[in-house]
Amino acid sequence: MSNKLFVGNLSFDTTENDLQDAFAAHGTVTETNLMMDRTTGRPRGFAFVTMSSAEEAQKAIAAMNGSQLSGRALTVNVAKPREERPSGGRREYGSGGGGARSRY
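As the structure is a prediction and not an experimental result, all values here were calculated from the model. Residue numbers run consecutively from 1 along every chain, following the written order of its sequence. Per-residue local features are limited, in this predicted model, to residues with pLDDT of at least 70; the limit for side-chain atom pairs, both in listing and counting, is 80 or more; totals at the level of whole chains, interfaces and linings are taken over all residues. Derived side-chain values reflect all non-hydrogen atoms in the structure, with water molecules and hydrogen atoms excluded from consideration.

(A) The arrangement of the layout of surface pockets in detail. Think of a 1 Å grid over just the protein atoms. A cavity is a set of points where a 1.4 Å probe fits yet cannot get out, a pocket is an open set with protein on both sides within 12 Å along at least five of seven lines, and lining residues have an atom within 4 Å of a point. Grid points are joined across faces, edges and corners, and a volume is the space filled by probe spheres set on the points. Here the largest pocket is characterised by a volume of approximately 750 Å³. When residues of the lining of the largest pocket are traced back to their parent elements, those giving at least two are strand S1 (4–8), strand S2 (29–36), strand S3 (43–51) and strand S6 (75–78). With 3 residues, S3 is the largest single contributor of residues to the lining of the largest pocket. Put simply, DSSP H or I for four residues or longer makes a helix, DSSP E for two residues or longer makes a strand, and each gets a number counted from the N terminus.

Written out as structure tokens, the structure reads:
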């Protein structure tokens with residue numbers, strides 16, 4: 001099991017320090033990463049918390065999933081690896097030409 005946790009349903013007022021304090025009660029927190037919106041600079045409502053061991057991560061999930069933080073019931077589970085997404089740029093929408101159609 002991984003020691004990196006996904007934490008969802010966060011209040012937009014929650015800070016990385018709030019997460020650090022809440023999860024530290026269940027083990028050693030090695031990293032917190034609050035996801036921010038690139039355009040607005042506001043929190044996106046989820047974060048990743050890394051615990052020092054898989055056992056501590058499991059304890060944190062058991063204790064924190066469904067618990068209240070800043071008036072919101074948290075969703076806490078093991079973080080899944082990021083899915084590969086196609087990068088920006090040209091998109092392929094099918095084969096073939098475009099342009100004017102021939103009448104012949």
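(B) Representation of a positive patch on the surface. Taken together, the side chains of Arg38, Arg44, Arg82 and Arg85 make up a positively charged region of the molecular surface. Mapped onto the secondary structure, arginine 85 falls in the segment after S6. In this scheme, patches are assembled from residues that exceed 30% relative accessible area and form no salt bridge. Like charges are connected within 9 Å, while nonpolar side chains (Val, Leu, Ile, Met, Phe, Trp, Tyr) are connected within 5 Å. Throughout, the Shrake-Rupley method with a 1.4 Å probe supplies accessible areas, and for residues the shown protein chains are the sole cover considered. Whenever Lys or Arg places a side-chain nitrogen within 4 Å of a carboxyl oxygen from Asp or Glu, that contact is recorded as a salt bridge. Asp and Glu are treated as the negative residues and Lys and Arg as the positive ones, with His and the ends of the chain left uncounted. For this purpose, a charge sits on NZ of Lys, CZ of Arg, CG of Asp or CD of Glu.

(C) View of the pairing of S3. Accessible area is worked out with a 1.4 Å probe on protein chains only. A residue is then buried under 20% of its type maximum, exposed over 50%, and partly exposed in between. Counting buried positions along S3 yields 8 of 9 residues, so the element is predominantly enclosed. Two strands pair under a simple rule: DSSP has to find at least two bridges between them. Sheet topology places S1 next to S3; 5 bridges connect them, and they run antiparallel. In the sheet register, leucine 5 faces S3, and the bridge partner there is valine 49. As defined by bridge partners, S2 adjoins S3 across 6 bridges and the pair is classed as antiparallel. Bridge assignment links asparagine 33 to a residue of S3, and that residue is phenylalanine 48. The hairpin turn running from S2 into S3, its antiparallel successor, is 6 residues long, and glycine 41 in that turn takes a positive phi close to 80 degrees.

(D) Layout of the packing of aromatic side chains. Here the aromatic set is Phe, Tyr and Trp, taking the six-membered ring for Trp, and pairing holds for ring centres within 6.5 Å; pairs whose planes are under 30 degrees apart are stacked, those over 60 apart are edge-to-face, and all others are tilted. Throughout the structure, instances matching the rule amount to 3 aromatic pairs. Ring geometry for phenylalanine 6 and phenylalanine 48: centres 5.9 Å apart, planes at 65 degrees, overall edge-to-face. Residue phenylalanine 6 is located in strand S1, and its partner phenylalanine 48 is located in strand S3; the two are separated by 42 residues in the primary sequence. Cluster of aromatic residues (ring-pair linked, three or more members): Phe6, Phe46 and Phe48. Across the ring face of phenylalanine 48, the terminal group of lysine 4 is positioned such that the distance to the ring centre comes to 5.2 Å. Only Lys NZ and Arg CZ are tested; either one counts as a charge over a ring when it is within 6 Å of the ring centre and within 35 degrees of the ring normal. Its end group placed over the ring of phenylalanine 12, arginine 42 keeps NZ or CZ at 5.0 Å from the ring centre.

(E) Main features of the environment of arginine 42. Within the fold, arginine 42 resides in the loop between S2 and S3. Accessibility expressed as a relative area gives 47% for arginine 42, which makes it partly exposed. In sequence terms arginine 42 and aspartate 13 are 29 residues apart; their C-alpha atoms lie 9.4 Å from each other. In contact with arginine 42, not counting residues within four places along its chain, are Phe12, Met36 and Asp37. Throughout, a residue-residue contact means that at least one pair of heavy atoms, one from each residue, lies within 4.5 Å.

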